[in-house]
Amino acid sequence: MGYEHIRVETKGHVGVITLDRPQALNALCAALIDEVNQALTQFETDDKIGCMVLTGSEKAFAAGADIKEMAELNFIDAYLSDFIASWEQVSRTRKPIIAGVAGYALGGGCELAMMCDFIIAADTAKFGQPEISLGVMPGAGGTQRLTRLIGKSKAMDLCLTGRMMDAEEAERSGLVARVVAASDLMNEVLKAADKIAGFSLPIAMMTKESVNRAYETTLTEGLRFERRLFHSMFATEDQKEGMTAFIDKRKPQFANK
Ligand code: CAA
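Residue numbering note: each chain is counted from 1, following its sequence as written. Two thresholds apply to this predicted model, a pLDDT of at least 70 for residue-level local features and 80 or more for giving and counting side-chain atom pairs, whereas whole-chain, interface and lining totals are computed over all residues. The side-chain quantities take in all heavy atoms of the structure and omit both hydrogens and water.

Engineer: I would appreciate a short explanation of the pattern of salt bridges in the present structure.
Structural biologist: Where charged atoms of side chains with opposite charge meet at close range, the side chains can pair. Throughout this description, the term salt bridge denotes a Lys or Arg side-chain nitrogen within 4 Å of a carboxyl oxygen of Asp or Glu. With the rule as written, the count across this model stands at 14 salt bridges. Residue Asp-66 pairs with Arg-21 through a salt bridge whose shortest N-O separation is 2.7 Å. Of this pair, Asp-66 sits in the loop between β4 (60-62) and α2 (67-70) while Arg-21 sits in the loop between β2 (14-19) and α1 (30-44), and the two are 45 residues apart along the sequence. Overall, Asp-66 belongs to the buried group, its relative accessible area being 10%. Three exposure classes are used, based on accessible area relative to the maximum for each residue type with a 1.4 Å probe and protein chains only: buried under 20%, partly exposed in between, and exposed over 50%. A residue is classified by how much of its surface remains accessible, and Arg-21, at 12% relative accessible area, is buried. The salt bridge partner of Arg-163 is Glu-169, with a shortest N-O separation of 2.7 Å. Residue classification places Glu-169 among the buried residues on the basis of a relative accessible area of 11%. What you see here is one network of salt bridges that share partners, running through Lys-154, Asp-157, Arg-163 and Glu-169. Secondary structure counts use DSSP, requiring at least four H or I residues in a row for a helix and at least two E residues in a row for a strand, with both numbered from the N terminus.

Right under this line is the structure:
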């Protein structure tokens, strides 16, 4: 399939989507988001793919929603078209997805990275929610996901001042899972994705579903949900294989990869 604003490739069992709109630092115009959504659907329905990666360039993961496209938007059009709702497909993916972030991840760029399951950042990464300086506020999860990830005080600091946070501060705050040298970013991201893709796909998907449930419900309900999924895993061949392989001191050969 031909894409204009992204590159899409398969590396073994990993599907990689690279934002590729360098003239606008990967600003997230509607056409780019449509393409990302098509690529996500392609990978979600491809039995060979066990994990996905969303990344950008060395200079920018994404510098936010496209300000030039948004500048003349009015309330009625924003409301009727449910502007930005289409971005949510990333957060609804069922297969694991890792964000590999180098350079700017600002506004919608930071929000898109947060929709992924976890972020591996290059030491050059810069995160921020600068919308306030444009006369708006974050509209794709910046006041919600960021607050859950890094807490109220830091989220307020970032959303109200619009300042940027470097990779080290982002890791310390819990926004980022790991920071690696910029030159190693794709290696490390692909290594993590490949590892995930090597496990049982249904087990990885249920694990993701269960961790995400922690954001949606009470501890008691979340624990009940976790227990039900955990019990159901004993109905899979992959549980038998994983545990037998451990006992036999060999590598497991999961059926559902
Ligand atoms: N939208 C549209 N175009 C953008 C853009 C954006 N978000 N960010 C950068 N660009 C464009 C610039 O206009 C410029 O294009 P021209 O060469 O045609 O002028 C090109 O990308 C390169 O950008 P700069 O010259 O500004 O590059 P820089 O290295 O000097 O600065 C930057 C980099 C600090 C990231 C700066 O580009 C910047 O501040 N960008 C805007 C960041 C921002 O405010 N993001 C939030 C957007 S709102 C949002 O995302 C809402 C939401 O919650 C969904």
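Text resumes after the structure shown.
Engineer: When you look at the environment of Pro-130 in this model, what are you seeing that I'm missing?
Structural biologist: Along the chain, Pro-130 turns up in the loop between β8 (126-128) and α5 (145-150). By relative accessible area, which is 24% here, Pro-130 ends up partly exposed. Note: C-alpha distance between Pro-130 and Arg-145 (15 residues apart in sequence) is 16 Å. Residue contacts are defined here by distance: any two heavy atoms, one from each residue, within 4.5 Å place the two residues in contact. Ignoring any residue separated from it by four or fewer positions in sequence, one finds Pro-130 in contact with Leu-106, Gly-107 and Gly-162.

Engineer: Explain helix α6 (residues 152-161) to me, please; I cannot follow it from the model alone.
Structural biologist: For the α-helix, the turn length of 3.6 residues means that residues three or four positions removed from each other point alike. Of the residues making up α6, those classed as buried are Ala-155, Leu-158 and Cys-159. The buried residues of α6 all sit within an arc of 90° when viewed along its axis, so they share a single face. Those residues of α6 that are exposed and angled more than 90 degrees off the buried face are Ser-153, Leu-160 and Thr-161. Those residues of α6 that are buried are in contact with α5 and β9 (164-166). Regarding the arc, it is the one traced by the directions from the helix axis to the C-beta atoms.

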